[in-house]
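Here's the letter readout for the chains.
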Amino acid sequence: MDVSKRAFNFCAGPAALPTAVLQRAQAEMLDWQGKGLSVMEMSHRSDEYMAIAAKAEQDLRDLLVVPNDYKVLFLQGGASQQFAEIPLNLLPEEGVADYVDTGIWSKKAIEEAKRFGRINVAASAKAHDYFAIPGQNDWQLSKDAAYLHYCSNETIGGLQFDWVPELGDTPLVVDMSSDILSRPIDVSQFGLIYAGAQKNIGPSGLVVVIVREDLLGRARSSCPTMLDYKVSADNGSMYNTPATYSWYLSGLVFEWLKEQGGVEAMERINRAKQELLYKAIDDSDFYSNPVAHNARSWMNVPFRLADEKLDKAFLAGADARGLLNLKGHRSVGGMRASIYNAVGLDAVEALVAYMAEFEKEHG
Ligand SMILES: *Cc1c(COP(=O)(O)O)cnc(C)c1O
């Protein structure tokens, strides 16, 4: 196909993948590097596949500068399975864990964790209608929390931390599903990082977990084998058959990211993309975004039209121009543009041009 005909895809997830990655996967689909078979058909124990898996892990380690005392796991069940896996591994039955509520995804994590023990909601953005993040000075932390969980980027509300909590010895556990690899982080600040792949990494179903080694081997005895981080780590994420093709495709994305200049380059481009889009929203009386400026997400930009009766026409016009999946989450309404790494500045420029055109016609 003529790749210039590919649409600009603003989907929140599963989200856009780099065209170059899909082309590479296409070229290797029937015959991976002259071996005469597809990656999808390989034994996960084969030398070929083991090399693919190891390279993906190494590239991710390079991109995020993951310290040696952290394991990188490629697991299944998406980010949502981690909502249970985390307390099963890290929360002793008589213990307590602190959670910060900044929106729908952190609330889901809280609800699931409550099935396994005592959960203290140390802070909630509810008091700010989920348009701002309460500062750490206002958090009600437990004295002996097993860990603190938060979500660095609320994909639905468009609320993102631009800081990392500082908690001394309490391990920080973070859901980075929708902003991992979008800019540099210091992995050593965290006990455990997890991210569903389908936003900024690769295909859905896969979840990447980066966990400090001292947090392994703490699972309760009732923890299912498949959910025990130590079992996964000891078996190189291959206790059972891993999601081989998703892992391979994620590896291609990591290679692509390195070619682009890594997470530093992504930060520069992502900064420019969000500046352009929020400026278009703020400069008009027709579009609005209610999130406090220091908590605005670089990855997911929800916005409303002045009159929601125009939503349908806006989406139809966008579709006709190849600007896809701009409808906001059903719980929020309005619009949402997800502008992950694979969505380039050209996509945001096209969106902003369309927004101006639509406003001129209907504003
Ligand atoms: C998408 C998303 C999830 C859920 O991911 P699944 O892989 O569908 O389970 C969890 N947290 C955040 C922040 C997300 O964006």
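Look a little higher up for the structure.
Rules and cut-offs
Residues numbered from 1 in each chain as written. Predicted model: local features only at pLDDT ≥ 70, side-chain atom pairs only at ≥ 80, totals over all residues. Heavy atoms only, no water. Buried < 20%, exposed > 50% of the residue type's maximum accessible area, 1.4 Å probe, protein only. Helix = DSSP H or I, 4+ residues; strand = E, 2+ residues; numbered from the N terminus. Arc of directions from axis to C-beta. Contact = heavy atoms within 4.5 Å. Near = heavy atom within 4 Å. Polar contact = N/O pair within 3.5 Å; in protein donor to acceptor, adjacent residues only side chain to side chain. Areas by Shrake-Rupley, 256 points an atom, 1.4 Å probe, with all protein chains shown as cover. Nonpolar A, V, L, I, M, F, W, Y, C, P; charged D, E, K, R; others polar. Salt bridge = Lys/Arg side-chain N within 4 Å of Asp/Glu carboxyl O.

*Asks:* What am I meant to see in helix α4 (residues 104-113) here?
*Replies:* Given 3.6 residues per helical turn, the α-helix brings residues three or four places apart onto the same face. Regarding α4, the residues found buried are Ser106, Ala109, Ile110 and Ala113. Each buried residue of α4 sits inside an arc of 100° when the element is viewed along its axis, so together they form one side. Lining the buried residues of α4 we find α3 (78-90), β3 (96-101), β4 (118-124), β5 (148-151) and β6 (153-154).

*Asks:* How should I be thinking about the site of the ligand in this particular structure?
*Replies:* Of all residues adjacent to the ligand, which total 13 residues, the nearest are Ser80, Thr155, Asp175, Gln198 and Lys199. Within the backbone of Ala79, an N or O atom sits 3.1 Å from an oxygen atom of the ligand. Here Lys199 contributes a side-chain N or O atom positioned 2.6 Å from an oxygen atom of the ligand. If the ligand stood free it would expose 390 Å²; the protein chains cover 87% of that surface. Ranked by the residues each element gives to the shell around the ligand, the list is headed by α3, at 4 residues. Taken together, the residues of the shell around the ligand sort by class into 4 nonpolar, 7 polar and 2 charged.

*Asks:* Is there a simple way to think about the pattern of salt bridges in this case?
*Replies:* Between side chains of opposite charge, pairing is possible as soon as their charged atoms come close. Scanning all chains against the criterion turns up 19 salt bridges. Note that Lys71 and Glu213 form a salt bridge whose closest N and O atoms lie 3.8 Å from each other. Within this pair, whereas Lys71 is found in strand β2 (residues 70-76), its partner Glu213 is found in the loop between β10 (206-212) and α5 (229-234), the two being separated by 142 residues in sequence. The partner of Lys114 in a salt bridge is Glu111, with the nearest N and O atoms 3.5 Å apart. Its relative accessible area of 49% is what places Glu111 among the partly exposed residues.

Nothing here speaks to function; it is geometry throughout.
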